[in-house]
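# Working through the structure, step by step
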Amino acid sequence: MTTPPTRTRRAGATTSASGSYRRFAGSAPGAGGTMFHVNHQPGAEIHHTDPFAVPVDRRSPVRRLRGRLAAPVTLWTAPGPAGLTVSSTLVAEGEPDRLLGLIDAESDLWAAAEEAGRFAVAPLGPPHRQLADRFAGLFPSPGGLFATDAWTDTPYGPVPADAGGWAGCRLDTAREFGWALLVEATIETVELTEETDPLLHYRGRYRELT
C-alpha cells in the first residue's frame, strides 16, 4: 500500500503515521476496507462472528486487554464541518481543565480540527448507536455525515441536538502515540443539559449500563 503524503502540522505536533486507525480509537480496520452494517441493530456485526477476525490464540495480549476496557463513546466535531467517533476520551480537571484523546491521524476530523485550532466533544448515549457507526465509517451516510439528525451549531463544531452536553476545546498539541494520534486540548467551555446514560464500547460492541 502506498504511504499517503504527510501533512504539515501545528507547532508541537508531529506528522501522521501510515496505518492509523480507520474506525475509532479502540478498534482496528477491517480487512480489505470498510464493512458496513446492514442489519437493524447498529453496532452489531453482519455475522455472529467476524469471518476475518484473527483467532483468539493469535491476537496480541495487549489488544485483548484493550478490548476488556469499557470505554465511553464520544463524537468529536470541528468547523468544516467534520466529525469522528472516538472511544478514547479522557477529561482531566485542573487549572486549566484539559482533555485528551486518541484519534485517527488521517481522518477528516483531525485535518479540520488542526486547521481551526478547536473542536467539540459530545458524549453519546444509547439512541446514538447508528450515528456513532456513521461517523466511524461503518454505516452509509448519503448526503454527508451531517445530512440527517438534528444538530446544534457551536463555534467549535456541530453537536447532536439531543446530546446530554458537550465541551468546546482549544487544540494545544498532538503527537504520534502507538498507531494513533494523542491530542491534547484545553477545555474552554462546557454545556450540560439533562442527565443521560452513556453509550459504551466493550469487546467490539456497543453496551449500555444495566
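This text follows the structure it describes.
Residues numbered from 1 in each chain as written. Predicted model: local features only at pLDDT ≥ 70, side-chain atom pairs only at ≥ 80, totals over all residues. Heavy atoms only, no water.

### Describing the overall build of the protein chain
We count it as follows: Numbered from the N terminus, helices here are DSSP runs of H or I no shorter than four residues, and strands are runs of E no shorter than two. Note on classification: 1.4 Å probe, protein chains only; a residue is buried when its accessible area is under 20% of the maximum for its type, exposed when over 50%, partly exposed between these limits. A contact between two residues is defined here by any heavy atoms of the two lying within 4.5 Å. Areas reported as accessible are Shrake-Rupley estimates using a 1.4 Å probe. Residue values count occlusion only from the protein chains shown.
Summing up its helical and strand segments, the protein chain has 3 helices and 12 strands in all. Counting the 210 residues in the protein chain, one finds 40% classified as buried. Residue pairs in contact within the protein chain that sit at least 24 positions apart in sequence constitute 67% of those at least 6 positions apart. Accessible surface, the protein chain as shown: approximately 11900 Å² in total, 54% of it carbon and sulfur.

### So, the packing of aromatic side chains
This is how it is decided: A pair of aromatic rings is counted whenever rings of Phe, Tyr or Trp (Trp by its six-membered ring) have centres within 6.5 Å, and the orientation is called stacked for planes under 30 degrees apart, edge-to-face for over 60 and tilted otherwise.
Overall, the coordinates contain 5 aromatic pairs when judged by the stated rule. Summarising the aromatic geometry, the rings of Tyr156 and Trp166 are spaced 6.2 Å apart at their centres and angled 50° between planes, so their arrangement reads as tilted. Of this pair, Tyr156 sits in the loop between strand E7 (151-152) and strand E8 (159-160) while Trp166 sits in strand E9 (residues 165-177), placing them 10 residues apart in sequence. We classify Tyr156 as buried; its relative accessible area is 11%.

### A closer look at the pattern of salt bridges
Counted only if it meets this: Within this document, salt bridges are pairs made up of a side-chain nitrogen of Lys or Arg and a carboxyl oxygen of Asp or Glu, the two lying within 4 Å of each other.
One pass over the structure, following the stated rule, counts 6 salt bridges. Across the pair Asp172 and Arg98 runs a salt bridge whose closest N-O atoms are separated by 3.1 Å. In this pair, Asp172 is assigned in strand E9 and Arg98 in strand E5 (residues 98-103), connecting sequence segments 74 residues apart. On the accessibility criterion, Asp172 (24% relative accessible area) is partly exposed. Take Arg98: its relative accessible area is 27%, and that puts it in the partly exposed class. Between Asp172 and Arg170 there is a salt bridge whose closest N-O contact spans 3.6 Å. Connected through salt bridges with shared partners, the residues Arg98, Arg170, Asp172, Glu184 and Glu188 form a single ionic network.

### Re the sheet that holds strand E12 (residues 205-208)
Sheet strands line up and pair through hydrogen bonds in the backbone, either parallel or antiparallel. Threshold: Pairing between strands is defined by DSSP: at least two bridges between them are needed.
The strand order across the open sheet formed by 3 strands is E1-E11-E12, and the pairing between neighbours is antiparallel. Taken across any chain shown, the strands that pair with only one partner, and hence form the sheet edges, are strand E1 (71-72) and E12. By the bridge criterion, 4 bridges tie strand E11 (residues 199-202) to E12 in an arrangement that is antiparallel. If you follow Leu200 over to E12, its bridge partner there is Arg207.

### Some remarks on the sheet that holds strand E10 (residues 180-192)
Here is the rule we go by: Helix axes are fitted only over the stretch in contact, all axes being lines through C-alpha atoms; the angle between N-to-C directions runs from 0 to 180 degrees.
Strands sit in the order E3-E2-E6-E9-E10-E5-E4 across an open sheet of 7 strands; the sheet is antiparallel. Of all the strands in the sheet, just strand E3 (82-86) and strand E4 (89-92) have a single pairing partner and so form its edges. This sheet shows a mean twist of 30° between the axes of neighbouring strands, independent of strand direction. Of the pairings in the sheet, the one linking E5 to E10 comprises 6 bridges and is antiparallel in character. Bridged to Leu99 within E10 is Ala185.

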